[in-house]
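Chain residues, written in single-letter form:
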Amino acid sequence: MERVGATWSSGARWLVTRPVRAFEFLRRYPLLPAVVLVALVITGIVARIVAPYDPIIGNVRERAVPPMWQDEGSAKHILGTDHVGRDVLSRLLYGAQISLMVAGISVGAGFVVGSTLGVIAGWFGGIIDEIITRFVDMWMATPFLLVALVVALVLGQSLIILLTLLAILAWVGFVRVVRGHTLTFKDSDYIFLAKVAGASTWRILRVHVVPGIINTAVINATLNIGTLIMMEATLSFLGVGIPPPTPSWGGMVSDGRNYLVDAWWQSFFPGLCIFLTVLSLQFLGDWLRDYLDPRLRQLM
Amino acid sequence: MQRFIARRLVFILFTVIGATLFVFVLTHMARDPRELWVPQGGFGASKEQWEQWGKELGFDKPLIVQYFLWLGRMLRGDLGNTLTHDRPVIGVIAGKLGATAQLALGAWLWAIIVGVPFGVLSAVKRASIWDYLARTFALFGQALPAFWVGILLIWIFAAMFNLLPSGGRPTGTLSIKHYILPSVALGWHAAANLLRFTRSGMLEVLDSEYIKFAKSKGVRGWLVVWKHGLRNAVITPLTSALVILAGFITGNLVVEVVFTWPGLGRLLMDSVWTNDYPILVGCVLVYVLLFAGMAFIADIAYAYIDPRIRYQT
């Protein structure tokens, strides 16, 4: 905390007015994003308990009820209902659950696979490095959305396939940063001394390399979850993501598209959820990067 | 440098083969394309006819042979015929590419017009209200889903105030009105990235010795910024702009769906549902070529503009 405090006071000369100061404080410490994300995780976990209605079965006699603060709205449905009478709030809560689960699992898988390959490529170099790096480059030059569409078409729409797709989207980023970081360690004195002292390759990797790259990988994971949530939402929006009737934010935006004029809330709130979640993750990732690894600090 | 170019060309070749092979195999593992013509089980076609079609499409040969046959025809400029309308794939794709490229250009212009000047402004007037506005704009651009932005824009500007059309692309006349909303939805994310790039590049340059020197010898404020500063700071954003343009062409599927834009992305979506594999493989080919080609040009341009950069490998 000492370091953060120091930059705070040196940056303080920029701050003239109080509102800016408050804004700067919120920007420097990820209080709001943390609150949003914690709330999201909790609602995701307890969706079954707090959701007022069933997210899948609606009441057809209560179609397109507006949110409660509008004239025709009622307190029964806080954020209104959709075109088949399902409670929007309940669907949002369950949507949070599935969005977070999908993003979390795929980023976890990407983390493990990508970091491992990154360390291997960086450490051993040579032909192994060449193969892994070239493969990553090739994958990055391939239009992911197109591949995802074709895969979803061929193998059918299911959660497992979606998870796999997102995991293979996630891992390349890890390979890149972790490999780069491993390379900078490789020639350092303490690794050399460890070799002189007779440590085995496995021990050097485990004790000296992995702890060094773990921060980088964690930062990358935080910055990546947002991208994955966005991609999942996009795929669901296009109808190849989370299979309906399971509620997903992207799918909800898509469902409400045709009822925009009469029932804007149906598309508006799920989109807002995606936006706030990704924004919070962005803030948190940036903050984490500055906090854990000042060398990566950007001027932004 | 020549070595670098050669390596990149080989890399592009491998990427093209890898991506097309992947999609080719996948689409052939999907349901039988012949089912597109007749209902399932083959009602309406005799067994001989069914076999005959299979022979015409080359299904009697092993998959890998089929792929190499496709590759051979592709090198001669023949991507086969579409299954749904039996027209040459090249013609169909070329017909849609124009609409997509126009939209990409619109989004590109909006991204550059907003991203670069506001990036400069935000760096020069650091920690001012302009800086915060610009950064908020950038943060929003990175967190807003393009499809939602598109829907909101339609809702606000087309449905509520009836100012702009809600989608579609008029044929014949060029109407700017139709381009505004899709361009904004498509380009916001890139505008945000450009803004960030420009801002951080500019901050770095403004902090350098030669800018301080220019200032101390009495060069006027904005002249320092535009002439001495921007020229050096703009290298990275400008070269990335090429890749951004390629990204718009290959990545505007969602926006085309939202705005019912008759481009490549919609063609692709339609082909996915009908499993019109000649179109799918053709699209992948075009996408990968465009994307890798633009990235290649950007790399070369980068080395040319900035002599400090020379590629080792």
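Parameters at a glance
Residues numbered from 1 in each chain as written. Chains lettered and ligands numbered in written order. Predicted model: local features only at pLDDT ≥ 70, side-chain atom pairs only at ≥ 80, totals over all residues. Helix = DSSP H or I, 4+ residues; strand = E, 2+ residues; numbered from the N terminus. Buried ≥ 20, exposed ≤ 12 C-beta atoms within 10 Å, placed from the backbone. Contact = placed C-beta atoms within 7 Å. Nonpolar A, V, L, I, M, F, W, Y, C, P; charged D, E, K, R; others polar. Core = buried A, V, L, I, M, F, W, Y, C linked by C-beta atoms within 7 Å. Axes fitted to C-alpha atoms, helices over the stretch in contact; angles between N-to-C directions. Parallel < 35°, antiparallel > 145°, perpendicular 65-115°, else oblique. Left-handed = near helix turned anticlockwise from the far one by under 90°. Expected span 1.5 Å × (residues − 1). pLDDT = per-residue confidence, 0-100.

### Quick word on the overall build of chain A
Check the secondary structure of chain A and you find 12 helices and 0 strands. For chain A, the residues scored as buried account for 41% of the 300 residues in total. Of all intrachain contacts in chain A linking residues separated by at least 6 positions in sequence, the fraction that spans at least 24 positions is 69%.

### Considerations on the overall build of chain B
Helix and strand counts for chain B stand at 13 helices and 0 strands. When its helices and strands are written in sequence order, chain B yields α-α-α-α-α-α-α-α-α-α-α-α-α. The principal-axis extents of the C-alpha atoms in chain B amount to approximately 85 × 55 × 35 Å. Expressed as a percentage of its 313 residues, the buried residues of chain B come to 40%. The contacts in chain B between residues at least 6 apart in sequence include a share of 76% that link residues at least 24 apart.

### Focus on the interface of chain A and chain B
The partner chain B presents 44 residues to the 35 residues of chain A that form the contact. Listing elements by their share of the side of chain A that touches chain B, those giving two or more residues are helix H6 (126–141), helix H7 (144–155), helix H10 (201–238) and helix H12 (265–292) of chain A. It is H7(A) that provides the largest number of residues to the side of chain A that touches chain B, a total of 8 residues. Broken down by class, the residue content of the side of chain A that touches chain B amounts to 26 nonpolar, 6 polar and 3 charged.

### Comments concerning the nonpolar core
Formed by 154 residues in total, the largest nonpolar core has its most connected members in B:Ala111, B:Ala185, B:Cys283 and B:Val284. Among all residues touching B:Val284, those that are not within four sequence positions of it are A:Leu146, B:Ala19, B:Thr20 and B:Val23.

### Things to note about the packing of helix H8 (residues 159–186) of chain A against H10(A)
Residues and elements named next belong to chain A. Relative orientation of the contacting elements H8 and H10 amounts to 150°, with a least axis distance of 9 Å. Taken together, the axes of H8 and H10 lie roughly antiparallel to each other. As H8 runs across H10, the sense of the crossing is right-handed. Residues Leu 162, Leu 166, Leu 169, Ala 170, Gly 173, Phe 174, Val 177, Val 178, His 181, Thr 182 and Phe 185 of H8 form the contact with H10, whose own contacting residues are Val 209, Gly 212, Ile 213, Thr 216, Ala 217, Asn 220, Asn 224, Leu 228, Met 231, Glu 232 and Leu 235. Its residues assigned to classes, the contact of H8 with H10 comprises 14 nonpolar, 7 polar and 1 charged.

### What to know about unusual backbone geometry
You will see that B:Thr260, though not glycine, has its phi angle at about 40°, which is positive. Here B:Thr260 lies in the loop between helix H11 (253–258) and helix H12 (264–274).

### Section: H6(A)
Taking 1.5 Å of rise per residue, 16 residues should cover 22 Å, and H6(A) covers 23 Å from first to last C-alpha, within 8% of that figure. Here H6(A) has its buried residues at A:Val136, A:Met138 and A:Ala141.

### So, the confidence of the model for chain A
All names here are of chain A. Per-residue pLDDT for chain A has a mean of 80; in total, 88% of the residues score no lower than 70. Mean pLDDT across the secondary structure elements of chain A bottoms out at helix H1 (residues 2–11), with 44, and peaks at helix H5 (residues 88–124), with 88. Considering only residues more than four positions removed or in separate chains, one finds that residues 1–15, a stretch of pLDDT under 50, has 6 contacts.

### Quick word on the packing of helix H4 (residues 89–124) of chain B against helix H10 (residues 235–251) of chain B
Residue and element names in this part refer to chain B. Between H4 and H10, the least distance of the axes is 9 Å, while the angle of their chain directions is 145°. Relative to H10, the crossing made by H4 is right-handed. Residue-level contacts link Thr 100, Ala 101, Ala 104, Ala 107, Trp 108, Ala 111, Ile 112 and Val 116 of H4 to Pro 237, Ala 241, Ile 244, Leu 245, Phe 248 and Ile 249 of H10. Its residues assigned to classes, the contact of H4 with H10 comprises 13 nonpolar, 1 polar and no charged.

### Describing the environment of B:Leu152
As for its placement among the helices and strands, B:Leu152 is situated in helix H6 (residues 146–160). For the pair B:Leu152 and B:Ala185, spaced 33 residues apart in the sequence, the C-alpha separation amounts to 9.5 Å.

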